[in-house]
Amino acid sequence: MMNLMSLFRWILDLLFSPWLFVPLIFPGLVTVFLVILFIIWFERKLAAKVQLRYGPLYVLKQLGGAIQLVADLLRYLFAEPIIPAETDKLAFVLGPILLFGASCFPTVAIPVSSSFYAIRSDISLLVALGLLAFGPAITLIIGWASNNKFSLIGGLREGYITMAYEIPLFISALSMAALYGTMDLIEMVESQVGWKWGLLLNPLAAITFLILALMSTSRFPFEIVEAESEIVMGPFTEYSGILYGLTMGASYVKFYVLCLLFSIMFLGGWKPVPSFLSWDPIGPALVLLLKSLILMVLGVFMRAVYPRYRIDQALKIGWHMILPLSIGSVFLSLGLILLGVVP
Amino acid sequence: MSEERTMELLIGPQHPSSGHMRLYAEVDGDIVVRLKPNIGYVHRTVEKLAETKKYIQIIPLVERPSLADAANHNLGYVLALEKLLGIEAPPRAQYLRTILAEMNRIHSHFYGLGIHGIMLGSSTIFMWGFADREIMIEMAQRLTGARLTYSYIIPGGVRRDLPQGFEEEMEKALRYIERRLKDYGKLFLRNPVTRARLEGVGVLRKEDAIKLGIVGPNLRASGVPYDVRKVQPYCAYPELEFDVAVREEGDSMARVLVRVEEIRQSMRIIRQALKQIPDGPILSENYLKMIPPKWKEFMETKGRVKFPAIMANLRPPKGEAISRVEAARGELVYYIISDGTTSPYRFRMVTPSFRNVVLFEHLIRECRVADIPAIYGSMDYFPPEADR
Amino acid sequence: MVCGMNGVTLIGNLEESARKAVQWLVNKTPIRSIRDWGIAFSLWPVHFTTACCGAEFAATSAPRFDVERMGFLPFVAPRQTNLMLIEGTLTRKMAKAAVWVYEQMPDPKFVMAMGACAIDGGIFWNSYNIVRPKDILPVEIYIPGCPPRPEAVARAIIMLQKRIREGKAVGLKV
Amino acid sequence: MGSRSEDKIEDITKKISQSLQGLSIEISTKEEIVTVNVKPENLVEVAKKLKDMGFDHVKSVTAIDFPEQKELEVIYHVSSLGDLDLAKVIVTLKTRVTSDDPRIPSLVEIWPSSKYPEREEHEMLGLVFEGHPELERLLLPEDYEGPPPLRKEFKVRTEGIQG
């Protein structure tokens with residue numbers, strides 16, 4: 001009996017130890033699925049509210065159709081995953097799995113609170129951004145492997161757009177790292193003491209980071225990679241069943257990770273932990289999750305407001321407007337450091 | 001060049017923005033070198049069937065190809081038939097026809113605006129367009145009893161009179177639509193993304209529009225003030241003053257703005273028509289005297305027309321007649337040749353969308369792949385109407 | 001197909017037994033009812049307008065008769081959808097395209113025929129260019145009307161949902 | 001229709017009959033429709049003259065099958081878009097062609113707007129327009145081999161009690 005209890009306690013400790021809790025529970029897998037279920041449902045309800053209608057309702061009438069995504073995922077699960085004959089089968093099947101994985105990896109580098117983190121390194125910002133850069137390469141593979149003209153064009157578009165947003169994204173992130181003097185996400189949050197949030201210090205970097213987050217996960221108005229009315233579903237045209245479910249979730253997960261990074265760098269991470277929630281891993285985790293959810297709702301609301309840009313206009317915005325802005329934000333950080341405003 | 005630079009993209013009948021047709025696009029990278037439309041996917045042989053149906057049976061047949069704009073098609077056919085029969089509808093019926101035609105123009109333009117919105121990616125404009133379209137459909141349902149296929153206009157007059165309190169409800173509906181049009185301006189027409197996607201895209205110059213015989217808002221957006229309601233007024237249009245929406249730029253944004261302006265003009269027409277509508281019978285005299293007195297009294301009280309027996313086997317005299325009507329998408333021509341029997345010898349129906357088909361090859365050239373839906377939507381092209 | 005694993009040789013067809021296992025597993029009532037519930041509340045029609053009834057079909061997903069309340073989201077590509085709605089007349093050219101699109105859709109798929117023309121030709125019954133959908137596709141539900149009112153299309157969707165959840169739908173197959 | 005526009009139509013028809021002096025068989029007007037009967041040979045000159053007068057587009061091309069005289073009548077409805085006075089008048093250009101070898105010069109060079117209507121009449125009645133850039137199938141399915149559908153001998157099912 002005793003060893004059963006100790007075995008159970010051992011598993012519990014293992015589960016709640018940072019190395020497993022972070023990748024599996026909080027910023028990791030479980031929260032990712034919950035966030036996907038919530039955000040896609042909320043996006044459809046928000047767009048419906050703007051469009052004078054209800055949105056998903058009768059799935060669960062009392063909660064306003066909250067589990068609509070559960071029904072959709074179940075349908076994908078039991079739909080027949082068609083693998084067309086002429087496609088490159090290995091790349092075709094592995095593509096979505098890698099894409100979903102590549103979007104979930106960066107959650108490892110994101111700390112939950114100053115004392116609860118999976119990996120602590122003084123370049124954890126670069127780890128997160130570097131792992132994020134995997135996604136576009138895999139989308140190219142998907143687009144090429146599914147042997148369909150529309151997915152080929154979609155994959156190439158992903159290649160173009162990646163060039164346009166990846167570089168300014170790194171520059172604006174590094175300008176914040178320069179401002180805080182460190183690239184370690186935990187020290188970044190520590191140094192945003194009181195209300196000296198990154199957003200108030202260097203708003204230029206915040207704006208560019210948010211716009212690039214929209215561009216990188218092809219949210220409106222930059223929904224160019226899976227532009228429905230031009231190239232059907234972009235690189236994911238040939239996918240059916242759970243394979244398509246993974247690709248659809250991957251872009252939302254990437255946006256979730258970018259929102260986590262934004263709230264850590266610009267909104268003071270888990271800083272103002274309310275008193276009643278001060279239990280170490282849960283309190284800061286909830287504050288961080290709340291901030292990133294608010295950001296995701298903002299990004300998702302764009303679907304109801306904007307049509308989509310053309311590929312050349314989006315690239316022009318990326319290269320001619322956002323890149324100079326992000327370089328400007330670097331100079332702004334340097335100026336702030338010279339003036340000694342830095343925390 | 002030995003190796004093949006361009007890729008042939010088949011934007012087929014199953015594609016979110018291809019409508020009921022297939023577009024063969026020669027694509028070189030992101031640039032569309034050439035685009036050839038392959039229509040005929042909804043060719044339901046209306047002209048051949050018309051030769052087997054009686055004259056009164058052709059009214060529903062004529063409305064089906066252009067479902068979003070059924071009243072104007074019905075009006076065009078009945079005007080041609082009345083020229084053959086040599087009868088004239090009474091003034092009140094003329095006004096009722098004009099009111100229904102303008103209501104149909106409004107909700108057909110909202111249909112075009114909605115479809116164009118979803119093609120640009122803005123699902124809100126699709127939902128708003130179809131929401132505001134429902135208002136005019138509801139008013140048409142009160143007047144005629146049907147949502148889209150009214151068959152309201154019959155040779156010699158109309159089938160029903162204005163219901164009670166129609167004017168007040170119409171005034172409320174028109175005021176609501178005016179408020180909504182302001183929201184469209186804020187969210188869609190002045191939206192920086194829409195302007196980036198539409199301005200300067202698919203420019204149709206004035207001479208090309210005339211040379212290719214383009215009709216409707218696409219023609220008026222290129223600076224040609226040609227509108228059949230002004231050139232050859234029919235029904236109650238001579239007594240109503242309204243102006244023709246014309247713009248000079250000729251690009252996709254101009255076409256959308258012309259349609260929005262035409263919605264405002266149609267509202268103005270409906271208001272005037274409802275004010276000036278004369279009293280009197282809604283069926284022409286030589287059919288009224290054929291109706292037995294019991295049914296005539298029913299017609300006065302109920303305001304609904306009882307068809308005289310002659311309608312079943314109308315035999316217009318031998319001859320031919322042509323009629324022009326300004327449908328929502330452009331000028332609609334009917335050409336009927338009758339040989340004295342109960343069905344026409346040859347029935348020719350030239351719809352505005354069929355005359356705009358040539359726009360595909362002319363406009364969508366040397367533009368981006370993303371411009372195909374933008375220009376296609378701005379043409380307000382309804383494939384069943386073009387294929388007949 | 002024989003495959004050997006550390007000395008143990010398995011005989012018999014692997015795919016066949018895998019398919020039987022899946023069918024046995026899915027036919028257990030709790031999993032089957034959850035699957036039917038999932039499919040019923042996420043019927044995504046493929047964007048394939050065949051004729052002029054498309055105007056009324058678009059009106060059903062418009063704000064006044066909003067059918068997204070039943071989880072009915074008109075979607076783009078045949079691969080990700082499980083319902084094909086034949087909207088109005090099927091001409092010969094369009095019928096070929098309809099069959100191709102139907103075959104591209106993943107397995108539990110249903111077909112609904114909308115409008116009098118899709119039932120038996122409607123007003124174009126004697127045209128030489130018309131095909132009856134029932135000759136080429138396994139149609140589940142017919143919606144009368146020309147064009148059918150959006151309420152009729154919404155009611156047809158609810159009827160299809162009931163049929164799926166009772167397991168009587170032809171498209172369920174397994 | 002005010003009297004001013006009646007006499008305007010009078011002088012338009014006078015102008016048409018002067019310019020088409022010897023070419024046409026006969027010209028008749030009824031309200032605002034001017035009918036011009038022409039032999040197939042001088043169809044192109046008449047079309048050029050009408051174009052110079054300002055009639056700049058073709059509204060519709062109609063072909064009618066007369067099986068008794070074994071003839072096909074081709075009708076061009078021509079009018080003007082640019083000049084609003086001429087727009088009131090529709091000129092109906094009529095020619096007759098034998099139905100077993102229906103050849104007629106195509107007017108696409110003069111009026112580019114007649115490209116698709118001519119293609120449709122070619123497909124529907126088997127009329128061959130010489131000089132048309134792409135005279136192929138337009139509306140019917142690719143694998144359709146039957147006779148041109150709008151010919152009178154192509155019968156379509158009718159209701160039993162039609163009588």
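Residues numbered from 1 in each chain as written. Chains lettered and ligands numbered in written order. Predicted model: local features only at pLDDT ≥ 70, side-chain atom pairs only at ≥ 80, totals over all residues. Heavy atoms only, no water.

### Examining the overall build of chain A
Next up, step 1: Along its length, chain A carries 15 helices and zero strands.
Next up, step 2: A compact globule built from 343 residues should have a C-alpha radius of gyration of about 20 Å, and chain A, at 21 Å, falls within 12% of that.
Next up, step 3: Projected onto its principal axes, the C-alpha coordinates of chain A cover approximately 65 × 60 × 45 Å.
Next up, step 4: Burial status across chain A gives 58% buried among its 343 residues.
Next up, step 5: A separation of at least 24 residues holds for 79% of the contacts in chain A among residues at least 6 apart in sequence.
Next up, step 6: Surface summary for chain A: the accessible area is close to 13700 Å², and the carbon and sulfur share equals 78%.
Next up, step 7: On chain A, the mean spot of the 20 positive side-chain charges and the mean spot of the 19 negative ones are 9 Å from each other. (Helix = DSSP H or I, 4+ residues; strand = E, 2+ residues; numbered from the N terminus. Rg over C-alpha atoms; globule rule 2.2 N^0.38 Å. Buried < 20%, exposed > 50% of the residue type's maximum accessible area, 1.4 Å probe, protein only. Contact = heavy atoms within 4.5 Å. Areas by Shrake-Rupley, 256 points an atom, 1.4 Å probe, with all protein chains shown as cover. Lys, Arg positive; Asp, Glu negative; His and termini not counted. Charge placed at Lys NZ, Arg CZ, Asp CG, Glu CD.)

### Regarding the nonpolar core
Next up, step 1: Core analysis: the biggest nonpolar cluster contains 284 residues, and B:Tyr77, B:Phe347, D:Phe55 and D:Tyr76 have the highest contact counts within it.
Next up, step 2: No other element matches helix α13 (residues 242-266) of chain A, which puts 17 residues into this core.
Next up, step 3: When sequence neighbours within four positions are dropped, the list of residues in contact with B:Phe347 reads B:Val46, B:Glu47, B:Ala50, B:Glu51, B:Ile58, B:Val62, B:Tyr77, B:Tyr334, B:Tyr335 and B:Ile336.
Next up, step 4: Residues C:Ala40, C:Leu43, C:Met112 and C:Ala154 belong to the second largest nonpolar core, which totals 23 residues. (Core = buried A, V, L, I, M, F, W, Y, C linked by side-chain atoms within 4.5 Å.)

### Re the packing of aromatic side chains
Next up, step 1: Applying the stated criterion across every chain, the model contains 33 aromatic pairs over all chains.
Next up, step 2: For the ring pair A:Phe209 and A:Phe266, a centre distance of 5.9 Å and an interplane angle of 50° mean the geometry is tilted. On the criterion of sequence distance, the pair formed by A:Phe209 in helix α11 (residues 203-216) and A:Phe266 in helix α13 is long-range, its members being 57 residues apart. Like A:Phe266, A:Phe209 is buried.
Next up, step 3: Relative to B:Tyr184, the ring of B:Phe110 has its centre 5.8 Å away and its plane inclined at 40°; by these criteria the two rings are tilted. Of the two residues, B:Phe110 is situated in helix α4 (residues 91-120) and B:Tyr184 in helix α6 (residues 166-189); the sequence distance between them amounts to 74 residues. The same class applies to B:Phe110 and to B:Tyr184, which are both buried.
Next up, step 4: By the ring-pair criterion, three or more aromatic residues cluster together here, those being A:Tyr76, A:Tyr244, C:Trp44 and C:Phe75.
Next up, step 5: Its end group placed over the ring of C:Tyr102, C:Lys109 keeps NZ or CZ at 4.5 Å from the ring centre. (Phe/Tyr/Trp six-rings, centres within 6.5 Å; stacked < 30°, edge-to-face > 60°. Lys NZ or Arg CZ within 6 Å of the ring centre and 35° of its normal.)

### Regarding the sheet that holds strand β6 (residues 319-327) of chain B
Residues and elements named next belong to chain B.
Next up, step 1: Taken in spatial order, the three strands make up an open sheet running β6-β7-β8, and their pairing is antiparallel. A single partner strand is all that each edge strand has here, and the edge strands are β6 and β8 (346-350). Across the sheet, the mean angle separating the axes of adjacent strands is 10° when strand polarity is ignored. (Pairing = 2+ DSSP bridges. Axes fitted to C-alpha atoms, helices over the stretch in contact; angles between N-to-C directions.)

### Observations concerning the pattern of salt bridges
Next up, step 1: Throughout the structure, instances matching the rule amount to 78 salt bridges over all chains.
Next up, step 2: Connected via shared salt-bridge partners are A:Arg157, A:Glu230, A:Arg310, A:Asp312, B:Asp30, B:Arg197, B:Arg368 and B:Asp371. (Salt bridge = Lys/Arg side-chain N within 4 Å of Asp/Glu carboxyl O.)

### As for the interface of chain D and chain B
Next up, step 1: The partner chain B presents 42 residues to the 49 residues of chain D that form the contact.
Next up, step 2: Taken together, the links from chain D to chain B amount to eight salt bridges.
Next up, step 3: Across the pair B:Glu320 and D:Lys94 runs a salt bridge, and its minimum N-O distance is 3.0 Å.
Next up, step 4: The interface formed by chain D and chain B contains 21 residue pairs in polar contact (both at pLDDT 80 or more).
Next up, step 5: Looking at the side of chain D that touches chain B element by element, the count peaks at 10 residues for strand β3 (residues 57-66) of chain D.
Next up, step 6: Of the residues belonging to the side of chain D that touches chain B, the class tally is 24 nonpolar, 10 polar and 15 charged. (Polar contact = N/O pair within 3.5 Å; in protein donor to acceptor, adjacent residues only side chain to side chain. Nonpolar A, V, L, I, M, F, W, Y, C, P; charged D, E, K, R; others polar.)

### Some points on the sheet that holds strand β3 (residues 83-87) of chain C
All names here are of chain C.
Next up, step 1: Here we have three strands laid out as an open sheet, ordered β3-β5-β7, and parallel in their pairing. Pairing within the sheet leaves two strands with one partner each, and these edge strands are β3 and β7 (141-143). This sheet shows a mean twist of 20° between the axes of neighbouring strands, independent of strand direction.
Next up, step 2: Relative to strand β5 (residues 110-114), β3 runs parallel, the two being bridged by five bridges.

### Here's the deal with a negative patch on the surface
Next up, step 1: A contiguous patch of negative charge, built from D:Glu6, D:Asp7, D:Glu10 and D:Asp11, is present on the exposed surface.
Next up, step 2: Mapped onto the fold, D:Asp11 is located in helix α1 (residues 3-19). (Patch = residues over 30% accessible without salt bridge, like charges linked within 9 Å, V, L, I, M, F, W, Y side chains within 5 Å.)

### Brief notes about the packing of α11(A) against α13(A)
Residues and elements named next belong to chain A.
Next up, step 1: Interaxial distance between α11 and α13 falls to 10 Å at its minimum, and their mutual angle equals 175°. What the angle tells us is that α11 and α13 run roughly antiparallel. Of α13, the residues touching α11 (which contributes Ala205, Ala206, Phe209, Leu210, Ala213, Leu214 and Ser216) are Lys254, Phe255, Leu258, Leu261, Phe262, Met265 and Phe266.
Next up, step 2: Residues of the contact of α11 with α13, tallied by class, amount to 12 nonpolar, one polar and one charged. (Parallel < 35°, antiparallel > 145°, perpendicular 65-115°, else oblique.)

### Some points on the side chain of B:Gln14
Next up, step 1: With respect to the helices and strands, B:Gln14 occurs in the loop between β1 (7-11) and β2 (22-28).
Next up, step 2: A polar contact is formed between the side chain of B:Gln14 and the backbone oxygen of C:His47, at a distance of 3.2 Å.
Next up, step 3: At 2.8 Å, the side chain of B:Gln14 forms a polar contact with the backbone oxygen of C:Val76.
Next up, step 4: Other than its neighbours up to four places away in sequence, B:Gln14 contacts C:Val46, C:His47, C:Phe48, C:Val76, C:Ala77, C:Pro78 and C:Val101.

### Focus on empty space enclosed by the protein
Residues and elements named next belong to chain A.
Next up, step 1: Tallied over the entire structure, the rule returns five cavities of 30 Å³ or more.
Next up, step 2: Its boundaries defined by the atoms lining it, the second largest cavity holds a volume of some 170 Å³.
Next up, step 3: Around the second largest cavity sit 17 residues that line it, and Thr139, Glu158, Ser216, Ser251 and Lys254 are the ones nearest its centre.
Next up, step 4: Residue classes in the lining of the second largest cavity are distributed as six nonpolar, eight polar and three charged. (1 Å grid on protein atoms, 1.4 Å probe; cavity = no way out; pocket = protein on both sides within 12 Å on 5 of 7 lines; lining within 4 Å. Points joined across faces, edges and corners; volume = space filled by probe spheres on them.)

### Re helix α2 (residues 18-25) of chain A
Residue pairs three or four apart in sequence face the same way in an α-helix, which turns once every 3.6 residues.
Residues and elements named next belong to chain A.
Next up, step 1: The set of residues buried in α2 consists of Pro18, Phe21 and Val22. Down the axis of α2, the smallest arc covering the buried residues is 95°, so these residues share one side.
Next up, step 2: Packed against the buried residues of α2 are α1 (2-16). (Arc of directions from axis to C-beta.)

### Comments concerning the environment of A:Pro274
All names here are of chain A.
Next up, step 1: Along the chain, the position of Pro274 falls in the loop between α13 and α14 (282-301).
Next up, step 2: Taking relative accessible area as the criterion, Pro274 reaches 26% and is therefore assigned partly exposed.
Next up, step 3: Sequence-wise, Pro274 and Leu214 are 60 residues apart; in three dimensions their C-alpha atoms are separated by 30 Å.

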